[in-house]
Amino acid sequence: MKVSFSQRIFELIKSEPHLTDAEVHIRLSLDPKYKIASGKSLLYRMVCVKYVHRDKNGRLTAMISNYVPLPPYQPRPKKKAKAKVAATGLAAAAKAKQMDYLNQAVKYRESAMMNSYTPPHSPLYKNVPIHIGVEPKKSFWRKLRELFSD
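Not measured: the values here are computed from a predicted model. (Residues numbered from 1 in each chain as written. Predicted model: local features only at pLDDT ≥ 70, side-chain atom pairs only at ≥ 80, totals over all residues. Heavy atoms only, no water.)

Caption draft 1: Representation of the packing of aromatic side chains within the structure. Counted according to the given criterion, the structure contains 2 aromatic pairs. Note on phenylalanine 5 and tyrosine 34: the rings are 5.5 Å apart at their centroids and 55° apart in plane angle, and the pair reads as tilted. Remark: tyrosine 34 occurs in the loop between helix H2 (21-28) and helix H3 (36-48) and phenylalanine 5 occurs in helix H1 (residues 5-15); sequence separation between them is 29 residues. For tyrosine 34, a relative accessible area of 9% translates into the label buried. Aromatic side chains phenylalanine 10 and tyrosine 67 sit 5.9 Å apart centroid to centroid with 50° between the ring planes, which places their arrangement in the tilted category. On the criterion of sequence distance, the pair formed by phenylalanine 10 in helix H1 and tyrosine 67 in the loop between strand E2 (60-62) and helix H4 (90-115) is long-range, its members being 57 residues apart. (Phe/Tyr/Trp six-rings, centres within 6.5 Å; stacked < 30°, edge-to-face > 60°. Helix = DSSP H or I, 4+ residues; strand = E, 2+ residues; numbered from the N terminus. Buried < 20%, exposed > 50% of the residue type's maximum accessible area, 1.4 Å probe, protein only.)

Caption draft 2: A look at the nonpolar core. Among the nonpolar cores identified, the biggest contains 16 residues, and Ile9, Phe10, Ile13, Val24, Met46 and Val52 are the most heavily contacted of them. The element best represented in this core is H1, accounting for 4 residues. Residue contacts for methionine 46: discarding those within four places in its chain leaves Ser6, Ile9, Phe10, Tyr51, Val52, Tyr67 and Leu70. Leu102, Ala105, Phe140 and Leu144 belong to the second-largest nonpolar core, a separate cluster that totals 5 residues. (Core = buried A, V, L, I, M, F, W, Y, C linked by side-chain atoms within 4.5 Å. Contact = heavy atoms within 4.5 Å.)

Caption draft 3: Quick look at the layout of surface pockets. Roughly 230 Å³ of internal volume is contained in the largest pocket. Every residue lining the largest pocket is listed: Tyr44, Arg45, Cys48, Val49, Pro71, Pro72, Tyr73, Gln74, Pro75 and Arg76. (1 Å grid on protein atoms, 1.4 Å probe; cavity = no way out; pocket = protein on both sides within 12 Å on 5 of 7 lines; lining within 4 Å. Points joined across faces, edges and corners; volume = space filled by probe spheres on them.)

So, in structure tokens, the structure goes:
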């Protein structure tokens, strides 16, 4: 009769209680078909479905008398993302002002790319806030990331 590795792991823990995970893996690693990663996964599942108990020192003890095949794996449900709360009061006003500055800067940058030169007396040049200014491309995008990283 063919015996599965999960059954062999359970029988080993039942016959020799108080083994640690490492001791179980060492005993079963003599078989060339045994894979430690699979054994760890099976031990974890056995602990989760309460076939085996792991005490605070990491010792394993069988909790049922006979081996029962493990139930199919059911992943935990994913947590729903929390909705972002809109900023209110002064924070909302500051955010709106920041967005206006950013929009003006983007418009200026686009016009500078399209025309390659915007004279200083143009309305686009006057609307760009001083703290963003005309900078090399890398630092401009760095400032954009700083403004949007909330």
